[in-house]
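# Chains, contacts and geometry: an overview
Letter by letter, the chains look like this.
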Amino acid sequence: MGEEPPALSVLRWDELPEGPVLVLLDQTRLPAEEVELVCTDVPALVRAIRTLAVRGAPLLGIAGGYGVALAAARGYDVAEAAGLLERARPTAVNLGYGVRRVATAYWAAARKGAEAAEAAAVALAEAQELHREDARASARMAEHGTALLEELLPGRGYQLLTHCNTGALVSGGEGTAFAVALRVHRQGRLRRLWVDETRPLLQGARLTAYEAARGGMAYSLLTDSAAGSLFAAGDVDAVLIGADRIAADGSVANKVGSYPLAVLAKYHHVPFIVVAPTTTVDMETAEGTSIVVEQRSGQEVTEVTSPRSGSTGGGGGMVVAPLGAPVYNPAFDVTPPELITAIVTEEGVISPVTGVGLAELCARSSQV
Ligand code: MRU
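Residues numbered from 1 in each chain as written. Predicted model: local features only at pLDDT ≥ 70, side-chain atom pairs only at ≥ 80, totals over all residues.

### Some thoughts on the sheet that holds strand 5 (residues 190-196)
One open sheet accounts for seven strands, arranged 6-5-4-7-10-15-16; its pairing is mixed. Looking along the sheet, the strands with just one partner apiece sit at the ends: strand 6 (219-222) and strand 16 (348-350). Each adjacent strand pair in this sheet contributes to an overall mean axis angle of 25°, direction not counted. Pairing geometry for strand 15 (residues 342-345) and strand 16, over three bridges, is antiparallel. Along strand 16, the bridge assignment pairs valine 344 with valine 349. Across the sheet, helix 5 (residues 116-152) is in contact with strand 4 (158-162), strand 7 (238-241), strand 10 (272-275), strand 15 and strand 16; its angle to strand 15 comes to roughly 145°. (Pairing = 2+ DSSP bridges. Helix = DSSP H or I, 4+ residues; strand = E, 2+ residues; numbered from the N terminus. Axes fitted to C-alpha atoms, helices over the stretch in contact; angles between N-to-C directions. Contact = placed C-beta atoms within 7 Å.)

The following block contains the structure:
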């Protein structure tokens, strides 16, 4: 195994002479260019969230939290900023969680009579704590996930299939599902990471392949529709994916294309494993059918965009469909619990996936 690459700087708070800023690694420009995007205000951050310059459930929570801190530090209306941020994308529950957590800390300080600057410092400290917690959760998920693989498939190397991007680019640490694959790789047990390209915005091809290459992992990229023949050939030992929202019944919303993989995995008797922090569990949403699935621009499907153009949010790409073609473009789909072998969180593993198991786990996490 070669030397480890330097950790990616995905998101950082910076104090410039003209004021504090949130600096993001612009994920629309990867893998061609590692370009930073400097957000000086909340509308800029909301744009970055909508265009997927910053994306992935845990990172959206962290970015949302820092967004509230940015509004507070720059003297903007915190309630308005929190509303704008929370509504930027609807499916990943972490976004609202991060926003509300930091806003609540800010208001608690303000209610106790803190000066504006002092309350802003409290908000920033809360965002930084959320960031650190996510890094710790990532490391724990990697441990629990590798232990689960050993339990399910003892004493062997694995061919793992993943979808979308769930690595350091979505996390305060090394990610969720990808962090498990990375740990398997470091243990010398990764035979191959199969990376779905993840149409239409190619998070697998652009981002997961980029992270796998950086990490020196054995990986192969495939079109989403090639997954079926891969299962049929017996070349998938387990599927590892992340989650954007887990409903109280254990249904999992994740990048569109996850549900068909779960169906394939069931048919081929392959474990289908979801890896997500407890901040992705939404006990307020009773079941999968109640999860709001983001519908995105048809241009993302009618046009194939070069990553270099930095416009993966739709538009400016090569047109591949008749002008005005109607499009169905949900960003996510929902997998019911009966298709999921296990959900791995930082607090432990739930298997079989049931509402009761999930509630017990969440109760445990809120006690720590
Ligand atoms: O639309 P995106 O790129 O934000 O979607 C991201 C995903 O679907 C990830 O799989 C999910 O957020 C889990 S990341 C830990």
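### Re the sheet that holds strand 14 (residues 332-335)
Overall, mixed pairing links the four strands, which are arranged 11-8-9-14 in an open sheet. Only two strands of the sheet have a single partner each, and these edge strands are strand 11 (281-282) and strand 14. In terms of strand pairing, strand 9 (residues 252-255) meets strand 14 through four bridges, oriented antiparallel. Looking across to strand 14, one finds that asparagine 254 is bridged to aspartate 333.

### As for the site of the ligand
Near the ligand you find 17 residues, and of these Arg55, Ala57, Cys164, Gly242 and Lys255 are the closest. Elements that contribute at least two residues to the shell around the ligand include exactly helix 2 (57-73) and strand 9. Along the lines of polarity and charge, the residues of the shell around the ligand split into eight nonpolar, six polar and three charged. (Near = placed C-beta within 6 Å. Nonpolar A, V, L, I, M, F, W, Y, C, P; charged D, E, K, R; others polar.)

### Some points on the pairing of strand 9
Sheet analysis places strand 8 (residues 245-247) next to strand 9, joined by two bridges and oriented antiparallel. The partner of isoleucine 246 across the bridge, within strand 9, is valine 252.

### Here we look at the packing of helix 3 (residues 78-86) against helix 4 (residues 93-111)
Following both chains from N to C, one finds helix 3 and helix 4 inclined at 170°, their axes separated by 9 Å at the closest point. In terms of orientation, helix 3 lies roughly antiparallel with respect to helix 4. For the pair helix 3 and helix 4, the contacting residues are Val78, Ala82, Leu85 and Glu86 in the first and Leu95, Gly96, Val99, Ala103 and Tyr106 in the second. (Parallel < 35°, antiparallel > 145°, perpendicular 65-115°, else oblique.)

### Details of the UniProt feature "site: Transition state stabilizer" (unreviewed entry) in the chain
Per the UniProt record, "site: Transition state stabilizer" (unreviewed entry) is found at Cys164. Topologically, cysteine 164 is positioned in the loop between strand 4 and helix 6 (177-186). What cysteine 164 contacts, discounting residues up to four positions off in sequence, is Thr198, Gln203, Gly204, Gly242, Asn254 and Lys255. (UniProt positions renumbered as here; feature names shortened; annotations may be inferred.)

### Concerning helix 9 (residues 258-267)
Two residues of an α-helix separated by three or four positions point the same way, owing to the 3.6 residues in each turn. Within the span of helix 9, buried status applies to Ser258, Leu261, Ala262, Leu264 and Ala265. For helix 9, the angular spread of buried residues about the axis comes to 165°, placing them on one side. Looking at the packing, one finds that the buried side of helix 9 touches helix 8 (227-232), strand 7, strand 9, strand 10 and strand 14. Residue histidine 269 follows helix 9 closely and has a positive phi angle near 55°. (Buried ≥ 20, exposed ≤ 12 C-beta atoms within 10 Å, placed from the backbone. Arc of directions from axis to C-beta.)

### Quick notes on unusual backbone geometry
With an omega of 5°, the peptide bond running from leucine 30 to proline 31 counts as cis. Tracing the sequence through the fold places proline 31 in the loop between strand 2 (19-25) and strand 3 (36-39). In the segment running from arginine 199 into proline 200, the intervening peptide bond is cis, with an omega of 0°. Among the structural elements, proline 200 can be located in the loop between strand 5 and helix 7 (203-214). Of note in the backbone geometry, leucine 202 takes a positive phi value of approximately 60° without being a glycine. We classify leucine 202 as buried; it has 20 C-beta atoms within 10 Å. Unlike most non-glycine residues, histidine 269 shows phi in positive territory, near 55°. Structurally, the position occupied by histidine 269 is in the loop between helix 9 and strand 10.

### Considerations on the environment of alanine 321
With respect to the secondary-structure elements, alanine 321 resides in the loop between strand 13 (318-319) and strand 14. Between the C-alpha atom of alanine 321 and that of lysine 255, which follows or precedes it by 66 residues, the distance is 23 Å.

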